[in-house]
Amino acid sequence: MDPQQQVIAYYHRLESRLGYTLLLGGTKHFGWYPPGSERLPMRKALTLMEDRLGRALDLLGGALVLDAGCGRGAVALRMATTFGLRVEGVDILPGDIRRARRRAARGGATDRTHFQVMDYRRLRFPDGHFDGAYTMETLVHAPDSAAVLGELHRVLKPGGRLVLFEYSLAPRRELSARQRRVFDAITAESAMHGLPGFVHGRFPALLGAAGFRDVAVEDVSERMLPMLRRLARLFWAPYQLSRPLGMQRRLVNAMAAVEAYRYRAVWRYNIVTASTPPRPT
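Residues numbered from 1 in each chain as written. Predicted model: local features only at pLDDT ≥ 70, side-chain atom pairs only at ≥ 80, totals over all residues. Heavy atoms only, no water.

Student: Help me out: how do you make sense of the packing of helix 9 (residues 221–242) against helix 10 (residues 252–262) in this one?
Tutor: Two numbers describe a pair of packed helices, the interaxial angle and the distance between the axes. The interhelical angle for the contact between helix 9 and helix 10, taken along N-to-C directions, is 120 degrees, at an axis separation of 7 Å. With respect to helix 10, the axis of helix 9 lies oblique. The handedness of the crossing between helix 9 and helix 10 is left-handed. Counted together, L225, L228, R229, L231, A232, F235, W236, Y239 and Q240 of helix 9 and N253, A254, M255, A257, V258, E259, A260, Y261 and R262 of helix 10 form the full contact between these two elements. (Axes fitted to C-alpha atoms, helices over the stretch in contact; angles between N-to-C directions. Helix = DSSP H or I, 4+ residues; strand = E, 2+ residues; numbered from the N terminus. Parallel < 35°, antiparallel > 145°, perpendicular 65-115°, else oblique. Left-handed = near helix turned anticlockwise from the far one by under 90°. Contact = heavy atoms within 4.5 Å.)

Student: How do you make sense of the pairing of strand 7 (residues 267–275) when you look at a structure like this?
Tutor: On any regular strand, side chains alternate: one points to one face of the sheet, the next to the other face. For strand 7, a buried count of 8 out of 9 residues is recorded, marking the element as mostly surrounded by other parts of the structure. With 5 bridges joining them, strand 6 (residues 213–219) and strand 7 adopt antiparallel strand pairing. In the sheet register, D219 faces strand 7, and the bridge partner there is N270. (Buried < 20%, exposed > 50% of the residue type's maximum accessible area, 1.4 Å probe, protein only. Pairing = 2+ DSSP bridges.)

Student: Sorry if this is basic, but what is going on with the sheet that holds strand 5 (residues 156–169) here?
Tutor: Strand pairing within a sheet occurs via backbone hydrogen bonds; the two strands may be parallel or antiparallel. Strand order in the open sheet formed by 7 strands is 3-2-1-4-5-7-6, with mixed pairing between adjacent strands. What marks the edges here is a single partner per strand, and that holds for strand 3 (113–117) and strand 6. Pairwise comparison of adjacent strand axes, ignoring direction, gives a mean angle of 15 degrees for this sheet. Where helix 6 (residues 145–155) meets the sheet, it contacts strand 1 (64–68), strand 4 (130–136) and strand 5, and its direction lies at approximately 155 degrees from that of strand 5.

Student: Is there a simple way to think about the packing of aromatic side chains in this case?
Tutor: Each aromatic ring pair is specified by the distance between its two centres and by the angle formed by the two planes. A full pass over the atoms with the stated rule returns 7 aromatic pairs. A ring pair is formed by F125 and F130, whose centres lie 4.9 Å apart and whose planes are at 80 degrees; its orientation type is edge-to-face. This pair shows no difference in class: F125 is buried, exactly as F130 is. Each member of the aromatic cluster is reached from another via a ring pair, and the members are F30, F165, Y167 and Y269. Over the aromatic face of Y11 sits the side chain of K28, whose NZ or CZ is 4.1 Å from the ring centroid. In this structure, K28 packs its charged tip against the face of Y20, placed 6.0 Å from the ring centre. (Phe/Tyr/Trp six-rings, centres within 6.5 Å; stacked < 30°, edge-to-face > 60°. Lys NZ or Arg CZ within 6 Å of the ring centre and 35° of its normal.)

Student: Where do I start with the pairing of strand 4 in this structure?
Tutor: By the criterion of burial, strand 4 is predominantly enclosed, with 6 of the 7 residues buried. Relative to strand 4, strand 1 runs parallel, the two being bridged by 3 bridges. If you follow L66 over to strand 4, its bridge partner there is A133. Both strand 4 and strand 5 contribute to a ladder of 6 bridges, which runs parallel. Among the inter-strand pairings, F130 is bridged to a residue of strand 5, identified as L156. Traced from strand 4 through helix 6 to strand 5, the parallel crossover comes out right-handed. (Right-handed = clockwise from strand over helix to strand, strands pointing away.)

Student: What is the right way to read helix 9 from this model?
Tutor: Taking the largest bend as the criterion, helix 9 deviates by roughly 45 degrees, centred on F235, and proline P238 comes between one and four positions later. Restricting attention to buried positions, one finds in helix 9 the residues S221, M224, L225, P226, M227, L228, L231, A232, F235, Y239 and S242. Taken together, the buried residues of helix 9 touch helix 2 (14–23), helix 3 (42–57), helix 7 (177–189), strand 6, helix 10 and strand 7. (Bend = angle between axes of the 7 residues up to and from the residue.)

Student: In this structure, what is going on with the nonpolar core? I would like to understand it.
Tutor: In globular proteins that are soluble, nonpolar side chains generally tend to be buried together. If you look at the biggest cluster of nonpolar residues, it comprises 94 residues, and the most contacted ones within it are L66, Y134, L152, W267 and Y269. In this view, W267 contacts S168, L169, F183, H200, S221, M224, L225, L228 and A260; residues no more than four positions away in its chain are not counted. (Core = buried A, V, L, I, M, F, W, Y, C linked by side-chain atoms within 4.5 Å.)

Everything listed here is a matter of coordinates, which is why it stays silent on function.
Next comes the structure, spelled out in structure tokens:
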């Protein structure tokens, strides 16, 4: 199956559709838990993670921003209503784009948001079009992350701001045989084509090769682990029941929650920031 079709198939799974809708309210990212707030309601934590993105973008109101992999538009709507940004959202799932448009209409943000079906490997925007761009746990699905980064660099203005919320893994040689099997299965079943290349410490080189500068990487795993722990507890029983039947790969989100929490020492949740070179003076 084509890599893009694998991503679409993952999001069309019944497990994915139910989980993202019922548990996360249509969002597709983790939540942010300030120190001492481990009991924070999940929906509030999701909003705080979006606010963390807005602060990382650090753009003035009215700036034009690309949401690369916008899903159902929750993040874009937050960027528009709370941070005063204008957002162009693109995604490969037509159903999600329709939901994003409806969400923007309900939120009164149709004048500040626009959503369309588009592959972020081949963006239909002119060079230097955006003040900023971001991915929220979506670059990991790209079969060619270097091509996506190249496109993001192309459509950003000189001095434009890029923010990525993405995972990274320890080098493969540092993983046990079981850890390799588990993360290989999660990567394959959830179509996270980019994850094998997102090794700890490699983001500066990846972004530098695409032309970005001032790359900074912050490990914020501790701020999202309370949500992962909650999901691991929720999915533990279904996952354990699926294993004797050889069906655990069909419950990839349950497997990912349980196993990622078990092996939380070998992966990270990162905020990566960078900029394009300023216009020569």
